[in-house]
Each structure stands twice: as structure tokens, then as C-alpha cells.
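Chain by chain, the residues:
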Amino acid sequence: MSKHKFYGKKRYYTLIFVLAVLIAAFVYSTATKTSIHGGVALEERAEDALRVHYIDVGQGDSELIELPNDEVMLIDAGENDKGGLVADYVRSQGIDKIDYLVGTHPHSDHIGGLDTVIDELEIGKIYMPRASSDTKTFSDVLDAVERKGLSVNSAKAGVEILNDGDLSVTFVAPVREAYKSLNNVSAIVKIVYKGSSFLFTGDAEEQAEGDITADVRADILKVGHHGSSTSSSWDFLDRVKPSCAVISCGEGNDYGHPHTETLEKLSDIGAAVYRTDLDGTVIIETQGDGYTVYTENSEENRGDNNYENQRK
Ligand SMILES: [Zn+2]
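Computed from a predicted structure; not experimentally measured.

(A) Structural context of unusual backbone geometry. Between Ala173 and the following residue, Pro174, the backbone shows a cis peptide bond with an omega angle of 5 degrees. Tracing the backbone shows Pro174 in the loop between strand E8 (167-173) and strand E9 (188-193). Positive phi outside glycine occurs at Lys194, with the angle close to 50 degrees. Of note, Lys194 is situated in the loop between E9 and strand E10 (196-200). In the Ramachandran plot, Lys241 falls in the positive-phi region, its phi being about 50 degrees despite a non-glycine side chain. If you trace the backbone, Lys241 turns up in the loop between helix H7 (234-240) and strand E12 (244-247).

Written as C-alpha cells, this is what we have:
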């Protein structure tokens, strides 16, 4: 008797039906797929558009932000061995000057690649929180700053990078000068462009999230600390109310990031989740109303999905 005989006729038809639905879903999803190959194949940024690249740097963070006023911001540059990759990526976008460079906090998975970026690209202003570390990684960054004849501006809650009415870029954290955990001194950047908003949280954990007094409401949240359960408290997510969440982490990382707890919370609040470990580099573009998400690895052009209606 073959195994198949265990399936009654009804069950067999159900199986065929399920398969047909799966095939239809697959065909539908591939119909709109367009590979962006690290973003380089994307069309030129529309005039007045804000484009954010969550660069796949493995376990770490790096976000390249093309502002609608044509200025460029870079938040973090991944680990020490990722600086070249980040600099190359930036240049591949036709950019050779970073107007605003932010090092969120002195951990190597964030500022490791900054020295290379500072050496290789033209830099305007640099912002870092008032926190130091006795690591070589940290002193390498300070050395690069010195080589370039630059100085570090203090990143802390209330510091405004720019504000021209339609566009504002502001630090909403750190609120305190010192925390037990270096993660909590993370500089948190909020960008508002007309009706769209982004929040970049570094590795800020629950305590730092709770200290923020500024309005943190944002459409798109760069999830804190690579999706660790030490960040993204309910209270914080309730204040941000993101419709889209991006997690920057490395495939098979040692920390188990992102943690299931965080993924469940994001699912519960109905946020669309993108992950650099699965999606590769994620690019989000807005003209100030709704936004379009492009991903690298899934080869899926989600440009047909305007998430305008998902905003809360
Ligand atoms: Zn980190």
C-alpha cells in the first residue's frame, strides 16, 4: 500500500487547491519583482524626494540618507571591516560628500567603519554623543577626524541639524549625558519631511527610550539595537506607531537578533517589517506623502505598494 492511499479523495482535492493557491501567490509576487542590486539599479531620485538606504552591513548599522535639499547624511558605518563597503556604496550612488555624519554611539558595529568613510569621502559636520570608549575603534575615529581637520559636534536631545519648514532633522536623544549601558547614549535622529517621518534609534534600549520627551511619532522606524528584546518597549512602540520597521542585523548573528519578542510586537502593531539579513539593503523613498520600499535580495519591487493607507 503506498502512502498516497492514506489521502481520501476530498483531501487530495484540498491539497491540489492549496497548491494552486500557493502557485498563484508565487506568480503574483514575482510579477512585480525588480532587482535593485544594492540600490544601484534604482532610478535617479526624483526631485524633492527623500531617499533612505538601510545598507546591508551584516551585524551592524549604516543608513545613507539623501535629503530632498540635495544634502546627504550618513548614520553609522558598520564594523571596522565595513568602512570600505559603505564608502563604495555611497560613491555608487553618485555621492562623494557627506554633509552630516553621525556616529550613534562608540560600539564597533556602528562606528567601526567611520574612520574609513572619513578618510575616503568629503565630510561636512560630524555629530557624536558625549561618550567615549577606550577602544582602538574609537580612537581610530577620533584620529580620522583630526586628520581631516574636523571637530565633533555634540549629539544630544534638542540639537537641530536643519529645519527649513518642510524638512527637519533633529536629535531626540540622548537625553542624559551618561548611562550604564553605552547603547543608551545612542544618538537618535528624527527626520520629518512634509507628511512623512523617519526615526533612527541606534542601539537605544528601554531606559533611553523612556527618557525621550520629544515627539517620536514616525512612519518608518529603524528598530533599536538590531531588533533586540532590550529595545522596542511597548510604551515606545506605542509612541512611535510605525507603519514600517527596518531591522539591521547580520544573517545568523551570535546574538539571535532580531529577537522573537520584538518581531511579535511589531507584528501586533501591524508594522511591515524589513530586515537587512533577509532583504539585503532596503531603500525607502518618499516625496513627503506615503512612501515606497525597495529591497535588494528578494528582488521584489514593492514600489506598487504605497503604504499611505497604512499610516496610523
Ligand atoms: Zn549595535
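Still to come is the rest of the account.
(B) Up close: the environment of Gly224. In this fold, Gly224 is placed in the loop between strand E11 (220-222) and H7. When residues no more than four places from it in sequence are discounted, the contact partners of Gly224 are Thr201, Gly202, Ala204, Ser231 and Ser232.

(C) Summary view of the sheet that holds strand E13 (residues 272-275). Read from one edge of the open sheet, 7 strands run E7-E8-E9-E10-E11-E12-E13, paired in mixed fashion. Each edge of the open sheet carries a strand with a single partner, namely strand E7 (160-163) and E13. Looking at each pair of strands side by side, their axes are set apart by 15 degrees on average, direction ignored. Two elements, E7 and E8, share 3 bridges in a ladder whose sense is antiparallel. Residue Glu160 lies in a different strand from E8, and its bridge partner there is Thr170.

What counts, and at which threshold
Residues numbered from 1 in each chain as written. Predicted model: local features only at pLDDT ≥ 70, side-chain atom pairs only at ≥ 80, totals over all residues. Heavy atoms only, no water. Helix = DSSP H or I, 4+ residues; strand = E, 2+ residues; numbered from the N terminus. Contact = heavy atoms within 4.5 Å. Pairing = 2+ DSSP bridges. Axes fitted to C-alpha atoms, helices over the stretch in contact; angles between N-to-C directions.

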